[in-house]
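Structure at a glance
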Amino acid sequence: MTDSKYFTTTKKGEIFELKAELNSDKKEKKKEAVKKVIASMTVGKDVSALFPDVVNCMQTDNLELKKLVYLYLMNYAKSQPDMAIMAVNTFVKDCEDPNPLIRALAVRTMGCIRVDKITEYLCEPLRKCLKDEDPYVRKTAAVCVAKLHDINAQLVEDQGFLDTLKDLISDSNPMVVANAVAALSEIAESHPSSNLLDLNPQSINKLLTALNECTEWGQIFILDCLANYMPKDDREAQSICERVTPRLSHANSAVVLSAVKVLMKFMEMLSKDLDYYGTLLKKLAPPLVTLLSAEPELQYVALRNINLIVQKRPEILKHEMKVFFVKYNDPIYVKLEKLDIMIRLASQANIAQVLAELKEYATEVDVDFVRKAVRAIGRCAIKVEQSAERCVSTLLDLIQTKVNYVVQEAIVVIKDIFRKYPNKYESVIATLCENLDSLDEPEARAAMIWIVGEYAERIDNADELLESFLEGFHDESTQVQLQLLTAIVKLFLKKPTETQELVQQVLSLATQDSDNPDLRDRGYIYWRLLSTDPVAAKEVVLAEKPLISEETDLIEPTLLDELICYIGTLASVYHKPPSAFVEGGRGVVHKSLPPRTASSESAESPETAPTGAPPGEQPDVIPAQGDLLGDLLNLDLGPPVSGPPLATSSVQMGAVDLLGGGLDSLIGGTNFVAPPTAAVPANLGAPIGSGLSDLFDLTSGVGTLSGSYVAPKAVWLPAMKAKGLEISGTFTRQVGSISMDLQLTNKALQVMTDFAIQFNRNSFGLAPAAPLQVHAPLSPNQTVEISLPLSTVGSVMKMEPLNNLQVGSGQGRHPSPYSPTSRAPLGSVEGRVYRQMFLATWKDIPNENEAQFQIRDCPLNAEAASSKLQSSNIFTVAKRNVEGQDMLYQSLKLTNGIWVLAELRIQPGNPSCTVRLSLKCRAPEVSQHVYQAYETILKN
């Protein structure tokens, strides 16, 4: 007969009957009674009145009965603490029982009885069990220490249990080691300041040995512990990775994810040039793919973790696109996650199959999934420029289906494509306008209104279209109202005569009839702009827009690094750090990836965090200068604000002491030398104008700095192209201002007068600061030299190439166009940074922004190179010698506000005279031109 009979009794006076049975002399009757008590307890009946009678049953040799009594005891000890003391003697006795199962059972139950009064009585039995000859008892006792620490931490520390636990890490039995690690990790999480898991190479070796032999959950404890270890160098990191890699083929997905976490952390310390690095990348892909063959819930957890891994290291899964294709029977949460990863992995190589797949998804029945698929097509167009045309064509095909929600999503993403690729796909506007009446969702209506307003000059009936939206203005959502207001103002600025009534109507609706403060404020701003300064209104409202970035939903790099440390936990599923969802401070420790060591990434990259910084304080990072830094957008910009404040130190440092003492401890090595300091010009703190400088001479300060490079005059405009006027020139910087030194030669037969010059918009806002003044007519064969002062507050527009400057000079109203050329970058005197700021910024700029160059035939030593570059406002922050190579770390601020960090490698006595240059910049477009400048300065 089964045990179900114990749950079916309904007799009255049950407690009384049970009491009698528990005190029976017959062992079988007593055992039956205890089972009935446990059954009643399980279904929620209160049987606490039987506590003394059940405790009396503890004195038995029967293991099954003892387990049942201990189960009852764990449940009711908290409500009957005084009675629980009765059981202490039995615990002490059981901890010395010859049967190891009973000893382990006693110690396990002791840990579960959370009663302060009896904890001190349990210390002696626990101490014996921690040193028991049987490993099963020892591993149970190790976990008991963690439970006891939770009840009374001070008692555990006073009794020396923590030291005993640390000794158990060296135990011969792998399960004991695993439980000791689990217990210490648990205690360390609740006390982050205590350095309990003081791991060293010897203890790590023991853990790795135990890893192969313990159970799967023991392996997870050990792997999580390894993930918190910081190897001393890349060799140790590689050694650990090699021994952890076999865990990737484990059947338990939790073990696999824990192993992935360890490998992802330690890969940070490995050089990408190593063969092993490439092997490791290949080994990481198959286990991640295998996780996707599990049940949907596990798939979802795996996909959320893969999403993080792909953002950190997309190269791991770049060839595994097909496994993320959606299956018809996948739950919606798995489908959406797979879709997101597909976009992250999309590249020029696989975009064709991705688009074909997305087009299929757009015809599915699940509305949410179809919407995401259509948006994904738009994201592909923005991410992979070569696919944009095909994506637009696919979106137009989808619009032709006339399925309402498909059309609306397509219009929203086409608006983004217009933002990314202006003046390229506007031919589709007519098709979009045909679907105007079917739009009923705010986002789609707002997108369509934006398109009509932005391209009003190309749409004949733009005023009628916007007027149709205006009829139900008050019923629209705020998003649509704001967009409509802006679109009509744009239309008015483009077609003022035809739309005067329309703009007055919308301004009146926005300012007088609306309760929304945002809408009212915007209405008043536009009204005042239009009434006081229409030209300014045009510049504000019709300004060129910045291009949208490729990935707007990427996790912020520092958060991503922290989440990588939590792979396989809830944090990796929520994509939030534990502090965001764990209540209180307990158990929340901020983690971060290890810094690259000196012999990894580039053996000399100054990526290590500054050890001289106060604990807990992160050094300042050179801030990103808005969109200008991101990709030098086609945006009119005025003069930038002065540079960011330099990081301050507790020691008051003058400019001259900038590279003084403490540099050794900063980048970690005794072979650092502070380079010779140069006196800094008095105007260090003054804001420097933003501009192409000398297009590009780097000199700055009062007068031309000695030793700085000034390019010789070159012929910019030959006489045959300018009706006999030949123009040569170069750029200099004198008395703090940039000048264009021109030489005009009349090679025609007649006298020349009325000279003029004009500049087109350029990447660095360069414009004449005064008219071109030639005081006397220029006779045939006569040459005159003029210095034209330049300002850097003109309009900024990204040029191709970046240093392209288009100038027109000549006589009268028709100047001849030409492009002055020069190869030096433009450095500002503000380009000097503190060491901590340099290091923090170097680490903050993504690795993919790093560019490597070689400068050949450059027979300079480090001191000469540093001096030459310093005279051109490229400042040396630190210098060291690594394996016979001189390393210079340098900073440069272009006068339009873009910062460039450099690492210069010089091999003394190298017969090939090759200098290696690494550049890091948030606007990687400038790297090529900065390299050309380095080459020009170092070789002249």
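Cut-off values and rules
- Residues numbered from 1 in each chain as written.
- Predicted model: local features only at pLDDT ≥ 70, side-chain atom pairs only at ≥ 80, totals over all residues.
- Heavy atoms only, no water.
- UniProt positions renumbered as here; feature names shortened; annotations may be inferred.
- Helix = DSSP H or I, 4+ residues; strand = E, 2+ residues; numbered from the N terminus.
- Buried < 20%, exposed > 50% of the residue type's maximum accessible area, 1.4 Å probe, protein only.
- Contact = heavy atoms within 4.5 Å.
- Areas by Shrake-Rupley, 256 points an atom, 1.4 Å probe, with all protein chains shown as cover.
- Phe/Tyr/Trp six-rings, centres within 6.5 Å; stacked < 30°, edge-to-face > 60°.
- Core = buried A, V, L, I, M, F, W, Y, C linked by side-chain atoms within 4.5 Å.
- Axes fitted to C-alpha atoms, helices over the stretch in contact; angles between N-to-C directions.
- Parallel < 35°, antiparallel > 145°, perpendicular 65-115°, else oblique.
- Left-handed = near helix turned anticlockwise from the far one by under 90°.
- Nonpolar A, V, L, I, M, F, W, Y, C, P; charged D, E, K, R; others polar.
- Salt bridge = Lys/Arg side-chain N within 4 Å of Asp/Glu carboxyl O.
- Polar contact = N/O pair within 3.5 Å; in protein donor to acceptor, adjacent residues only side chain to side chain.
- pLDDT = per-residue confidence, 0-100.
- Expected span 1.5 Å × (residues − 1).
- Pairing = 2+ DSSP bridges.

Per an unreviewed UniProt entry, the chain goes by AP complex subunit beta and derives from Pan troglodytes. The heading Subcellular location (unreviewed entry) in the UniProt record of the chain holds the text "Endomembrane system". Its UniProt record gives the chain the following Sequence similarities (unreviewed entry) comment, quoted word for word: "Belongs to the adaptor complexes large subunit family."

This part covers the overall build of the chain. Helix and strand counts for the chain come out as 38 helices and 14 strands. Expressed as a percentage of its 940 residues, the buried residues of the chain come to 52%. Considering only contacts within the chain whose residues lie at least 6 apart along the sequence, 69% involve residues at least 24 apart. About 42300 Å² of surface is accessible on the chain, with carbon and sulfur atoms providing 51% of the total.

Across all of its chains, the model carries ten aromatic pairs by this definition. Geometrically, the ring pair formed by Trp450 and Tyr455 is edge-to-face, given 6.3 Å between the ring centres and 85 degrees between the ring planes. The buried category is assigned to Trp450, whose relative accessible area is 9%. Judged by centre distance (5.3 Å) and plane angle (35 degrees), the ring pair of Trp716 and Phe731 falls under tilted. Taken together, the residues span a long stretch of sequence, with Trp716 in strand S2 (residues 714-717) and Phe731 in strand S3 (residues 725-734) at a distance of 15 residues. One exposure class covers both Trp716 and Phe731, and it is buried.

Okay, the nonpolar core next. One finds Tyr72, Leu126, Leu358 and Phe418 to be the most contacted residues of the largest nonpolar core, which totals 212 residues. With residues up to four places along the chain from it excluded, the contact list for Tyr72 reads Val37, Ile38, Met41, Val47, Ser48, Leu50, Phe51 and Val54.

What follows concerns the packing of helix H14 (residues 201-211) against helix H16 (residues 234-244). Their axes nearest at 10 Å, the elements H14 and H16 cross at an angle of 15 degrees. Here H14 is positioned roughly parallel relative to H16, judged by the angle of their axes. In this structure, H14 meets H16 at a crossing whose hand is left-handed. Two secondary-structure elements touch here, H14 through Pro201, Ile204, Asn205, Leu208, Thr209 and Leu211 and H16 through Glu236, Ile240, Arg243 and Val244. When its residues are assigned to classes, the contact of H14 with H16 shows six nonpolar, two polar and two charged.

The next subject is the pattern of salt bridges. In a structure, side chains of opposite charge can pair up when their charged atoms sit close to one another. By the definition in use, this model includes 32 salt bridges. Arg138 serves as the salt-bridge partner of Asp171, at 2.9 Å between the closest nitrogen and oxygen. One end of the pair, Asp171, is in the loop between helix H12 (161-168) and helix H13 (174-190); the other, Arg138, is in helix H10 (residues 135-151), with 33 residues separating them in the sequence. Using a relative accessible area of 17% as the deciding quantity, one classes Asp171 as buried. Taking the relative accessible area as the measure of exposure, Arg138 reaches 10% and is therefore buried. By sharing partners, the salt bridges in this structure join Arg371, Arg375, Glu409, Glu441 and Glu443 into a single network.

Here the focus is the side chain of Asn516. Checked against the element boundaries, Asn516 lands in the loop between helix H29 (500-511) and helix H30 (517-532). Polar contacts involving the side chain of Asn516 include one to the side chain of Thr478, which spans 3.3 Å. At a separation of 3.1 Å, a polar atom in the side chain of Asn516 contacts the main-chain amide nitrogen of Leu519.

The phi dihedral of Lys402 is positive, around 65 degrees, even though this residue is not glycine. Along the chain, the position of Lys402 falls in the loop between helix H23 (388-400) and helix H24 (404-420).

Summarising the model, the chain shows a mean pLDDT of 78, and 82% of its residues fall at 70 or more. Across the chain, the secondary-structure element scoring lowest on mean pLDDT is helix H35 (residues 663-667), at 35, and the one scoring highest is helix H19 (residues 296-312), at 93. This stretch, residues 598-618, has a pLDDT under 50; its non-local contacts, to residues over four places away or in other chains, come to 51 contacts. Confidence drops under a pLDDT of 50 for residues 625-707, and excluding neighbours within four residues, the segment shows 213 contacts in the predicted structure.

Taking 1.5 Å of rise per residue, 13 residues should cover 18 Å, and H23 covers 19 Å from first to last C-alpha, within 8% of that figure. Those residues of H23 that are buried are in contact with helix H21 (351-361), helix H22 (367-383), H24 and helix H25 (429-434). Backbone geometry just after H23 places Lys402 at a positive phi near 65 degrees.

With respect to the helices and strands, Thr164 occurs in helix H12. Considering only alpha carbons, one finds Thr164 and Arg127, 37 residues apart in sequence, at a separation of 8.6 Å. Ignoring any residue separated from it by four or fewer positions in sequence, one finds Thr164 in contact with Leu130 and Lys131. A polar side-chain atom of Thr164 sits 3.1 Å from the main-chain carbonyl oxygen of Gly160.

Each turn of an α-helix holds 3.6 residues, which means side chains three or four residues apart point in the same direction. With twelve residues, helix H15 (residues 216-227) ought to run about 16 Å at 1.5 Å a step, and its terminal C-alpha atoms sit 16 Å apart, in line with that. The complete set of buried residues in H15 reads Gly218, Gln219, Ile220, Ile222, Leu223, Cys225, Leu226 and Ala227. Those residues of H15 that are buried lie in contact with H13, H14, H16 and helix H17 (253-267).

Burial analysis of strand S11 (residues 875-882) places seven of its eight residues in the buried class, the great majority of the element. Where S11 and strand S12 (residues 885-893) come together, seven bridges link them in antiparallel fashion. When the bridges of S12 are listed, Thr876 appears paired with Gln890. Adjacent in sequence and paired antiparallel, S11 and S12 are bridged by two residues, among which Glu883 carries a positive phi angle near 50 degrees.

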